Amino acid sequence: MPSSLSLSMPGVDLEPGKPPILRADSAGDAPSWAAEHRDAVRALVTEHGAVLIRGLGLGEQDETAAVFRRLATGLMTEKEAFASRQNYADGVYSSSKWPQQQPMCMHHELSYTLEFPGLMLFACLTAPAAGGATALADAPTVLGALPTDLVVRFLREGWLLTRNYNDEIGASLTDAFGSDDPGTVESYCRASAIEFEWQPDGGLRTWQRRSAVVRHPVSGRSCWFNQIAFLNEWTLAPEIHEYLVDVYGADGLPFNTRYGNGAPIGEDTVRLLNEVYQSHTVREPWQSGDLMLVDNIRTAHSREPYEGPREVLVAMADPVRAADCPPSEEVTTP
């Protein structure tokens, strides 16, 4: 840890089972605090993979957006969203609209795109009455805990994301591509290595093959970086899975994942992936006013079920190209 950090900032709490927590005193001016301590905060993210900052007292959307911009290199516009969000300002969004009683399992944001965020920023304006933590898991550690034969297969084949866009469920074309114009959508797909097929009812089906493991562009460490488990049909609650298959058919689910060669991923494998994530999860309940920065490549995140109102603003920042972080050869060594 740089020596300047301890001189310019209060200590960081490092407790087992929790992310690093930095106690901050912004004296009522969170954007100025963020500008002054940007380098030290970013150093903490580089060292630990994430940091939760407590004490900024964030409560307003404009103030939070200003803090995000001072801490990030550049905010991104989300493309290929899997669920809708509310857009508060350029690059500042609500959390994904997802049933509050259903968990959002561990994943790396937009890991299925060719350009994804290197940094995620979360700000809790209203903490839920219970639950709702944005939990974290270290990607190199998860990679090292997975069976070698499974890692080797995904390294060899990659993973395949299939999506079905319609007007009834999941993200719409406008949510995902910023337009429902067929020509615009097709141009985006061709530029983004996404195969597509228009359905008779006007819906769109897409396929995209991506790497399951990437090399961190700064540390060089291999990271289990994907949404194989989260977007797989077997992670859905059984009653939701049954309903969707009954209504749309096994090939019409809003999203699903497969091995890179198109073979289905078994329920036992998906359960194993989620169990490994769970065994390496750290969490800290949100308090209103909290801010958290997450290295999106090194650290997976989830959203746990919750009760009561919950308002968390999100920004995706510091874009990284998949072509710039291919996996190294020795990916089975954490």
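Residues numbered from 1 in each chain as written. Predicted model: local features only at pLDDT ≥ 70, side-chain atom pairs only at ≥ 80, totals over all residues. Heavy atoms only, no water.

## Quick word on the sheet that holds strand E15 (residues 255-259)
One key point about sheets: their strands pair by backbone hydrogen bonds, in either a parallel or an antiparallel sense. Note the cut-off: In this scheme, strands are said to pair when DSSP sees at least two bridges between them. Secondary structure elements follow DSSP: runs of H or I no shorter than four residues count as helices, runs of E no shorter than two count as strands, and numbering proceeds from the N terminus. A fitted line through C-alpha atoms represents every axis, and for helices the fit uses only the stretch in contact; the resulting angles, taken between N-to-C directions, go from 0 to 180 degrees. By the convention used here, residues are in contact when the closest approach between their heavy atoms is within 4.5 Å.
Sheet architecture is open: four strands sit in the order E11-E12-E10-E15, paired in antiparallel fashion. Single-partner strands in this sheet number two, and they are strand E11 (195-198) and E15. Neighbouring strand axes in the sheet, compared pairwise and without regard to direction, differ in orientation by 15° on average. Here five bridges tie strand E10 (residues 159-165) to E15, and the two strands are oriented antiparallel to one another. Opposite Trp159, over in E15, you have Tyr259 as the bridge partner. Relative to E15, helix H5 (residues 148-157) is tilted by about 100°, and along the sheet it contacts E10, strand E12 (204-210) and E15.

## A closer look at the side chain of Asn232
As a reminder of what qualifies: Using a 1.4 Å probe on the protein chains alone, a residue whose accessible area is under 20% of its type maximum counts as buried, one over 50% counts as exposed, and one in between counts as partly exposed.
You can see Asn232 is positioned in the loop between strand E14 (222-224) and helix H8 (238-248). On the basis of relative accessible area, Asn232 is assigned to the buried category, the value being 2%. Here Asn232 is in contact with Asn256, Thr257, Ile265 and Val270, once residues within four sequence places are set aside.

## Quick look at the packing of aromatic side chains
For any pair of aromatic rings, the description rests on two quantities: the centre-to-centre distance and the angle between the ring planes. Defined as follows: In summary, the pairing rule links any two rings of Phe, Tyr or Trp, Trp by its six-membered ring, whose centres are within 6.5 Å, and it sorts them by plane angle into stacked for under 30 degrees, edge-to-face for over 60 and tilted for everything else.
Going through the model one piece at a time under the given rule, you end up with ten aromatic pairs. With a centroid separation of 5.8 Å and 80° between ring planes, the pair formed by Phe82 and Trp98 is classed as edge-to-face. Of this pair, Phe82 sits in the loop between helix H3 (61-71) and strand E4 (87-89) while Trp98 sits in the loop between strand E5 (92-94) and strand E6 (104-107), and the two are 16 residues apart along the sequence. An identical accessibility class is assigned to Phe82 and Trp98; each is buried. Between Phe82 and Phe255 the ring centres are 6.4 Å apart and the planes differ by 85°, which places this aromatic pair in the edge-to-face class. Of this pair, Phe82 sits in the loop between H3 and E4 while Phe255 sits in strand E15, placing them 173 residues apart in sequence.

## What to know about the confidence of the model for the chain
Rules: Scored from 0 to 100, pLDDT records how confident the predictor is in each individual residue.
Per-residue confidence for the chain averages 93 on the pLDDT scale, and 95% of its residues sit at or above 70. Predicted confidence for residues 1-8 stays below pLDDT 50, and this span has eight contacts to residues more than four positions away or in other chains.

## Points about the pattern of salt bridges
Our working definition: Any carboxyl oxygen of Asp or Glu that lies within 4 Å of a side-chain nitrogen of Lys or Arg is treated as forming a salt bridge with it.
Under the counting rule described, the total for this entry stands at 16 salt bridges. Between Asp39 and Arg38 there is a salt bridge; the shortest N-O distance is 3.6 Å. A residue is classified by how much of its surface remains accessible, and Asp39, at 60% relative accessible area, is exposed. With relative accessibility at 22%, the residue Arg38 sits in the partly exposed group. Of the charged contacts in the structure, one is a salt bridge between Arg85 and Glu109, with a shortest N-O distance of 2.9 Å.

## Digging into H5
Convention followed: The arc in question is the one traced by the directions running from the helix axis out to the C-beta atoms.
Burial in H5 covers these residues: Leu150, Val151, Phe154 and Glu157. The arc that holds the buried residues of H5, viewed along the axis, is 150°, so those residues lie on one side. In H5, the exposed residues that point more than 90 degrees away from the buried face are Asp149 and Arg156. The secondary structure elements touched by the buried residues of H5 are helix H4 (139-145), E10, E12, E14, E15 and helix H9 (267-279). Two residues or fewer past H5, Gly158 is found with a positive phi of approximately 75°.

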